[in-house]
Amino acid sequence: MQLEILLFFQSVQNGFLTALANFFSFFGEEVAMILILLSIYWCVDKKKGFILFGNLMTALMCMQILKAIFRVPRPFVKHPELIEAGRVGTATGYSFPSGHSTGASAFFGSLCKLFGNRLMKAFCIIFIICVPVSRLYLGVHWPMDVITGTAIGLFSVFVLSDAFARLFENKNELVKVSITTGSAISAISFIAAMGLHFLPMDETAFSDLMKNMAVLGTALIGMGLEEKHIRFKTDGTRSRKIIRLVAGLAVILVFQSLKLVFPESLYYPAAFLRYGLIGIWATYLFPLVAVKTGLMESENA
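Here the residue numbering is sequential within each chain, running from 1 through the sequence in written order. Given that this is a predicted model, residues contribute local features only at a pLDDT of at least 70 and side-chain atom pairs are listed and counted only at 80 or more, while totals for whole chains, interfaces and linings are drawn from all residues. Only heavy atoms go into the side-chain values, all of them from the structure, while hydrogens and water stay out.

Asker: It is not clear to me how the overall build of the protein chain should be interpreted in this structure. Could you clarify?
Answerer: A tally of regular secondary structure across the protein chain gives 12 helices and 2 strands. Counting from the N terminus, the helices are the DSSP runs of H or I reaching at least four residues and the strands are the DSSP runs of E reaching at least two. Going residue by residue from the N terminus, the α and β elements of the protein chain occur as α-α-α-α-α-α-α-α-α-α-β-α-α-β. Compactness check: the protein chain gives a C-alpha radius of gyration of 20 Å against a globular reference of 19 Å for 301 residues, within 12% of the reference. By its C-alpha atoms, the protein chain is 65 × 50 × 35 Å across when sized along the principal axes. In the protein chain, buried positions account for 51% of the 301 residues. For the protein chain, the distance from the average position of its 26 positive side-chain charges to the average position of its 19 negative side-chain charges is 7 Å. Put simply, the radius of gyration uses C-alpha atoms, and a globule should come to 2.2 Å times the residue count raised to 0.38. Partly exposed describes any residue whose relative accessible area lies between the buried limit of under 20% and the exposed limit of over 50%, with all areas from a 1.4 Å probe on protein chains only and scaled to the type maximum. Only four residue types enter the tally: Lys and Arg on the positive side, Asp and Glu on the negative side; His and the chain ends are excluded. Note that the charge is assigned to NZ on lysines, CZ on arginines, CG on aspartates and CD on glutamates.

Shown next as structure tokens:
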């Protein structure tokens, strides 16, 4: 049955639908979500950004763990003679569950819950539906992959949002939980990076999981340190916020470009470093620099 559904999508492919599928698939990827997430966290509403980050990263971690456990081959790998896949560069890791579907449902579901006007709800529902469908159309996931991924993402939104909101309001607990949990996750990510570098581990199963844990761990540490020492505010003029966003994202691009500097033989240790830098930059180092340079204001001032 799953293969028949994919063959149906293969049979209706045309240039317009393929362009549409690539468009929606893009919004289930890290570039789009990082841009929107940091715009909210740095420039709109810090609490909502924290909740969005918590929902998204929890869902993605669960998804990556399931990928590592089940290790289901993708449709175009299992049936190369029948499935002509698109956007395969984004199809890293195993198939079950779908990372794009998980991320899109957690991300846009959170936006829908946090910014619940009618237009936002309609926008988010469209993406929650269309991102998973785009992955089926492109032939990179089985139907069960996208159904499960969507369920994981929505579960994180409806079950965890209130818990993250309460944690954000309890500042002492936020500092303690963020630093303790972030340190543990960072340590596990570092061990995984060293294992991938030195041991014959399954790279398909553990590479993306290690990267996600590197970002999550250091970002949590940064949130704890930021709350303890800085407490930045998202206030400011529009031009100030634009400069703030551009400056913060520019450094993230620099961190990502470091992969061109490190030799391929050091790929996994370097990936841990790059993703770890991105996490702590977003939540601690950039707010620190921004407050010092006047791009942000601090509640402690």
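Now that the structure has been shown, we can carry on.
Asker: Is there a simple way to think about the environment of leucine 66 in this case?
Answerer: By secondary structure assignment, the location of leucine 66 is in helix α4 (residues 46-70). The class for leucine 66 is partly exposed, based on a relative accessible area of 23%. Setting aside anything within four residues of it in sequence, one finds leucine 66 in contact with Arg71, Phe96, Pro97 and Ile152. In what follows, a contact means two residues having at least one pair of non-hydrogen atoms within 4.5 Å.

Asker: Is there a simple way to explain the nonpolar core in this structure?
Answerer: One broad trend across soluble globular proteins is that nonpolar side chains are buried collectively. For the purposes of this section, nonpolar cores are sets of buried Ala, Val, Leu, Ile, Met, Phe, Trp, Tyr and Cys residues that join through side-chain atoms within 4.5 Å. Core analysis: the largest hydrophobic core is formed by 60 residues, its most contacted members being Trp42, Phe53, Phe107, Phe108 and Leu111. Broken down by element, the residue count for this core peaks at 10 residues, all from α4. Counting residues in hydrophobic clusters, the runner-up holds 12 residues, among them Leu136, Leu138, Val140 and Val146.

Asker: Would you explain helix α10 (residues 203-229) in this entry?
Answerer: Residues that lie three or four places apart on an α-helix share one face, since the helix turns once every 3.6 residues. Residue count minus one, scaled by 1.5 Å, sets the expected span of a helix. For α10, built from 27 residues, the straight-helix expectation of 39 Å at 1.5 Å per residue is met to within 8% by its first-to-last C-alpha distance of 38 Å. Polar contact criterion, stated in full: a pair of N or O atoms within 3.5 Å, where within protein one must be able to donate a hydrogen and the other to accept it, and residues adjacent in sequence count only if both atoms are side-chain atoms. One side-chain oxygen of the residue at the start of α10 lies 3.1 Å from the amide nitrogen of threonine 204, identifying that residue as aspartate 202. The positive-phi residue at the C-terminal boundary of α10 is arginine 231, with phi of around 55 degrees.

Asker: Please explain unusual backbone geometry as it appears in this structure.
Answerer: Of all residues except glycine, most have a negative phi; of all peptide bonds, most are trans. With an omega of -10 degrees, the peptide bond running from phenylalanine 96 to proline 97 counts as cis. Considering the arrangement of structural elements, one finds proline 97 in the loop between α5 (75-78) and α6 (99-114). The residue arginine 71 is not glycine, and still its phi comes out positive at about 50 degrees. Within the element layout of this structure, arginine 71 appears in the loop between α4 and α5. For arginine 71, a relative accessible area of 35% corresponds to the partly exposed category. Phi is positive for arginine 231, which is not a glycine, with a value near 55 degrees. When you line up the elements, arginine 231 lands in the loop between α10 and β1 (232-233).

Asker: Sorry if this is basic, but what is going on with the environment of isoleucine 36 here?
Answerer: On the secondary structure map, isoleucine 36 appears in helix α3 (residues 30-43). Given a relative accessible area of 26%, isoleucine 36 falls into the partly exposed group. On a C-alpha basis, the gap between isoleucine 36 and phenylalanine 107 in space is 9.6 Å, while along the polypeptide they are 71 residues apart. In contact with isoleucine 36, other than residues within four places in its own chain, are Phe107 and Leu111.

Asker: I would appreciate a short explanation of the packing of aromatic side chains in the present structure.
Answerer: Given two aromatic rings, their pairing is described by the distance between the two centres and the angle made by the two planes. Between the rings of Phe, Tyr and Trp (Trp by its six-membered ring), a pair exists once the centres lie within 6.5 Å; its type follows the angle of the planes, with under 30 degrees stacked, over 60 edge-to-face, and the other angles tilted. Tallied over the full model, the rule gives 20 aromatic pairs. Seen in terms of ring centroids, phenylalanine 70 and phenylalanine 96 are 5.4 Å apart; in terms of plane orientation they differ by 85 degrees. Their pairing is edge-to-face. Remark: phenylalanine 96 occurs in the loop between α5 and α6 and phenylalanine 70 occurs in helix α4; sequence separation between them is 26 residues. Ring geometry for phenylalanine 123 against phenylalanine 127: centres 4.7 Å apart, planes inclined by 45 degrees, an arrangement best described as tilted. Placement of both phenylalanine 123 and phenylalanine 127 in helix α7 (residues 118-137) is noted, with a separation of 4 residues, approximately one turn of the helix. For phenylalanine 123, a relative accessible area of 39% gives the class partly exposed. An aromatic cluster of three or more residues is present, and its members are Phe23, Phe24, Phe26, Phe27, Phe107, Phe108, Phe123 and Phe127.

Just geometry here; none of it tells us what the structure is for.
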